[in-house]
Number of protein chains: 2
Amino acid sequence: MNDKTIRIGLFGLGTVGQGIFSVIRRARNAHAEIRRICVRNLDKPRGIEVDPALLTTRPEDILADPEIDLIVELIDDAEASYAIVTEALRRGIPVVSGNKAMIARHLPELIELQRKHGTALLYDASSCGSIPVIRNLEEYYDNDLLLEVKGILNGSTNYILSRVFDHGENYDDALARAQQLGFAESDPSRDIEGLDSLFKLIIITVHALGVYVKPEDIFTYGIANIHDSDIRYAREKRVKIKLVAQVVKVSEEQFTMFVMPEFVEKNRYIYSVDDEYNGVVIRGECYDRQFMFGKGAGSLPTASSILSDVMARRYGYRYEYRKMSYAGLPHYTTDITLRVYIRYSTTEVTRLLPLRAIYEVYTSTESSYVIADICLADLMKYRDLLTAPDIFMCNIPMFFKDDD
Amino acid sequence: MNDKTIRIGLFGLGTVGQGIFSVIRRARNAHAEIRRICVRNLDKPRGIEVDPALLTTRPEDILADPEIDLIVELIDDAEASYAIVTEALRRGIPVVSGNKAMIARHLPELIELQRKHGTALLYDASSCGSIPVIRNLEEYYDNDLLLEVKGILNGSTNYILSRVFDHGENYDDALARAQQLGFAESDPSRDIEGLDSLFKLIIITVHALGVYVKPEDIFTYGIANIHDSDIRYAREKRVKIKLVAQVVKVSEEQFTMFVMPEFVEKNRYIYSVDDEYNGVVIRGECYDRQFMFGKGAGSLPTASSILSDVMARRYGYRYEYRKMSYAGLPHYTTDITLRVYIRYSTTEVTRLLPLRAIYEVYTSTESSYVIADICLADLMKYRDLLTAPDIFMCNIPMFFKDDD
């Protein structure tokens, strides 16, 4: 046991940074104290009262303070976050970070820095807010029985899709509401284009399979182009459209991963993951499917996850990245076939795309759609075409017939 | 990293013991090896082929073997389990155990033995099979924000209730099937009377709130007396009957806990936990509700959980029982009011029980019921009356209106 108070240097005082204040105040036995806060603008009005003496605009006031045990980095800007986190690690200061974009882009370097300087970077809050996905993949599913991690990783798009689907709301209104409630990032395009889910998926894959894949090598398709006719189609088929991120072992030697909207049937676990919630299905040999569900967005849920990482540091916890040194790590492949629904109007989808098999074609003056098989590698190749404003694509899960 | 093979001495070669064999074979990177197996009867026919040279009937062959790094204890008999586990801990040998009855009865002593002899006892498999509830409560929810843990902890009764409820099967047939599929314990009364759920709840409470409560001090009511008329009643009200275990903070200073059948409404997370599955809702300040769901019974799911504990030992993991030394631990109380449905025929329930308020009374020549408030302490006092063969009682959740 260690009852010493852990002294935190905080970077960023946005939604989650403010949440940390409330959470630490409520957790009486956490023995954590915020000693200094680095912000961009001292005079910005904030939702909480903070002693002005705690605030600074100079990172060095935290980085060079020998009384600070731990840095909590909650900056919205990935570049500034990268500079702070790498500098802290180089100085041997442990860091808890929630910046998925920065972590997903630089994870190999960040792992190397932790090793070299004997310090730790924890980031469970970066994936799925309050659900302890990373920690469980790292510690509990610490073996090679894992076959698949699949889930709804972005609370903001899920909230929007829920409002549109279940409440018949207009897309723009739903987006505005998500931002107002603090679920959406300051730049919502990152959520809507699937990038936020992608970053989380990259981090999850490192802890699930021990393999790092660069963002630009992964097919990512968001919900920006979703249209009334897609919603109508899904309703008729009694499925929901969810933005799903997944990493799947397709054989003993290979795995694939991608982020795409998906038609989700009623009997799937993720079907009932609505509003700002996240839900993750972990499938493995022997234990079959485990489902974890909780609030994936919002100030307090994310802050409580940050607190869990802070507490873990009291006991010297660090990710060991054990799976990365396993024998026979699977290789990433995009040479797999997906079945997709592509809705279009002016773009000649069936002529321009290398479809492998066409199962259904529906044409109308308003909007048409095709259901066809296509190779994931070809989806990557034709990414620009697929993001044309008249096109929306949705995955029809078929790989594992009893898939979740 | 540590690539040394971990050498296991196994006690018990029943359903889960046999599962361990398959799981270790499949997990190539586990580096675990079963070196010796202690069984009661060498000649008993088993579902798997085991090298006879591995088998012994003498515990000492494992306990005294300096080449054995870890004992995995999967004996069905709680007394034999207690003798082996305490002796192993006294000799400083770490143990992974799945015996919830033994652990729940002796946890304070087992914690003391771990401390005294600087060794470890891990038992995540003892609660909810493959769902990592204990590890998450211990490590991730390692703060005092936790308000409630509530769930379906027994796969076998849940399987029976699902068969009866959703498939219109007869109770005895469903029970026989559960045993045949390996979900039910060798003595099914432990499942059906709620004792298995109780033992798990006691273990969970130690890791959730840092407080140990003895089995005999906790109200436990099973499903043995469930009757067609109860099922009919529940169906009319569009609820399911589930056997639910819960520990709930009722104020800043107090918590309560009990195991009881409960009417579960459709909008609750645990409503859709069917068959042999387990589901646990963890509720806390800030993060609200988290739901964990997975296979709670069966050979391979439980064995994969044992493997997770074995792997954790490779890295010296042990439960720290940190919450037990928190300031201001809540006190256990049974002085709370529950609203219950009590079905009866000959016993004069409304006259004999100290009901606090009666909301509904239905009488008929066949069977009657009453819906009333009663103190949990009084339920304990009248436990014998309530288990009369003509009585079945079900909790109507009302404490937290938005409860799961």
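Predicted, not measured: the structure shown is a model, and the values here were computed from it. (Residues numbered from 1 in each chain as written. Chains lettered and ligands numbered in written order. Predicted model: local features only at pLDDT ≥ 70, side-chain atom pairs only at ≥ 80, totals over all residues. Heavy atoms only, no water.)

Asks: Summarise the packing of helix α5 (residues 133–140) of chain A against helix α5 (residues 133–140) of chain B; cite the residues concerned and give the values.
Replies: In contact at an axis separation of 11 Å, α5 of chain A and α5 of chain B are set at 120 degrees when each is read in the N-to-C sense. Between α5 of chain A and α5 of chain B, the interaxial angle falls into the category oblique. Two packed elements cross with a definite hand, and for α5 of chain A against α5 of chain B that hand is right-handed. Together, Arg135, Asn136, Glu139 and Tyr140 of chain A of α5 of chain A and Arg135, Asn136, Glu139 and Tyr140 of chain B of α5 of chain B make up the contact between the two elements. Counted by class, the contact of α5 of chain A with α5 of chain B contains two nonpolar, two polar and four charged residues. (Axes fitted to C-alpha atoms, helices over the stretch in contact; angles between N-to-C directions. Helix = DSSP H or I, 4+ residues; strand = E, 2+ residues; numbered from the N terminus. Parallel < 35°, antiparallel > 145°, perpendicular 65-115°, else oblique. Left-handed = near helix turned anticlockwise from the far one by under 90°. Contact = heavy atoms within 4.5 Å. Nonpolar A, V, L, I, M, F, W, Y, C, P; charged D, E, K, R; others polar.)

Asks: Before we move on, can you summarise unusual backbone geometry with the specific residues and values?
Replies: All names here are of chain A. Within the chain, Arg238 stands out as a residue other than glycine whose phi angle is a positive 60 degrees. As for its placement among the helices and strands, Arg238 is situated in the loop between α10 (228–236) and β9 (240–249). Its relative accessible area of 70% is what places Arg238 among the exposed residues. In this model, Asp288 sits at a positive phi of 65 degrees, which is unusual for a non-glycine residue. Along the polypeptide, Asp288 turns up in strand β12 (residues 288–295). (Buried < 20%, exposed > 50% of the residue type's maximum accessible area, 1.4 Å probe, protein only.)

Asks: Explain helix α11 (residues 299–314) of chain B to me, using residue names and the numbers behind them.
Replies: Between the first and last C-alpha of α11 of chain B there are 23 Å, a value that for 16 residues agrees with the 22 Å anticipated at 1.5 Å per step. Looking one or two places after α11 of chain B, you find Gly316 of chain B, whose phi comes out positive at around 70 degrees. (Expected span 1.5 Å × (residues − 1).)

Asks: With reference to specific residues and values, describe the pairing of strand β7 (residues 146–152) of chain B.
Replies: Residue and element names in this part refer to chain B. Burial of β7 is extensive: six of the seven residues sit out of reach of the surface. Inspection of the sheet shows β7 paired to strand β11 (residues 277–284) by six bridges, in the antiparallel sense. For Ile152, the partnering residue across the bridge sits in β11 and is Gly279. Sheet topology note: the β7/strand β9 (residues 240–249) ladder contains four bridges and is antiparallel. By the bridge assignment, Val149 is partnered in β9 with Val247. (Pairing = 2+ DSSP bridges.)

Asks: How would you sum up the pattern of salt bridges? Please name residues and give values.
Replies: All names here are of chain A. With the rule as written, the count across this model stands at 53 salt bridges over all chains. Note that Asp61 is salt-bridged to Arg58, the shortest N-O span being 2.8 Å. The exposure class of Arg58 is exposed, given its relative accessible area of 52%. Measuring nitrogen to oxygen at the nearest pair gives 4.0 Å for the salt bridge that ties Asp124 to Arg135. You can see Asp124 sitting in the loop between β6 (121–122) and α5 and its partner Arg135 sitting in helix α5, a full 11 residues away along the chain. Classification of Asp124 as buried rests on a relative accessible area of 0%. A single salt-bridge network, built from bridges that share partners, covers Lys4, Arg7, Arg35, Asp65, Glu67 and Asp69. (Salt bridge = Lys/Arg side-chain N within 4 Å of Asp/Glu carboxyl O.)

Asks: Run through the interface of chain A and chain B, naming residues and quoting values.
Replies: Across the contact, 47 residues belong to chain A and 47 residues belong to chain B. Here chain A and chain B share an interface that buries about 4,200 Å² over both sides, 50% of which is from carbon and sulfur atoms. By the criterion of area lost to chain B, the three top residues of chain A are Asn29, Tyr140 and Cys286 of chain A, representing 17% of everything that side buries. Connecting chain A to chain B are six salt bridges. Residue Glu285 of chain A is joined to Arg26 of chain B by a salt bridge in which the shortest nitrogen-to-oxygen separation is 3.5 Å. For the interface between chain A and chain B, the tally reads 16 residue pairs in polar contact (both at pLDDT 80 or more). Tallying contributions element by element places β12 of chain A first for the side of chain A that touches chain B, with eight residues. (Buried area = accessible area lost by both parts, 1.4 Å probe. Polar contact = N/O pair within 3.5 Å; in protein donor to acceptor, adjacent residues only side chain to side chain.)

Asks: Break down the sheet that holds strand β4 (residues 70–73) of chain B for me, citing the residues and quoting the values.
Replies: Within a sheet, neighbouring strands are paired by backbone hydrogen bonds and run either parallel or antiparallel to one another. Residues and elements named next belong to chain B. Ordered by their spatial adjacency, six strands build an open sheet running β3-β2-β1-β4-β5-β6, and the pairing between neighbours is parallel. Every other strand in the sheet has two partners, leaving β3 (55–56) and β6 (121–122) as the edge strands with one partner each. Of the pairings in the sheet, the one linking strand β2 (residues 32–38) to β3 comprises two bridges and is parallel in character. Across the sheet, the residue bridging to Ile37 is Leu55, located in β3. Contacting β1 (6–11) and β2, helix α1 (residues 15–26) crosses the sheet at an angle of about 160 degrees to β2.

Asks: Which residues make up the confidence of the model for chain A, and what values do they have?
Replies: Residues and elements named next belong to chain A. Per-residue confidence for chain A gives a mean pLDDT of 91; residues scoring 70 or more make up 97%. Across residues 400–404, where pLDDT falls below 50, the model places 18 contacts with residues more than four positions away in sequence or in other chains. Interface predicted TM-score (ipTM) for the complex: 0.87; the corresponding pTM is 0.92. (pLDDT = per-residue confidence, 0-100.)

Asks: Can you explain the pairing of strand β1 (residues 6–11) of chain A? Please cite residues and give values.
Replies: All names here are of chain A. Of all six residues in β1, six are buried; the element is thus mostly enclosed. Of the two faces of β1, both are covered, the one formed by Ile6, Ile8 and Leu10 as well as the one formed by Arg7, Gly9 and Phe11. Sheet analysis places β1 next to strand β2 (residues 32–38), joined by six bridges and oriented parallel. Paired with Phe11 across the bridge in β2 is Cys38.

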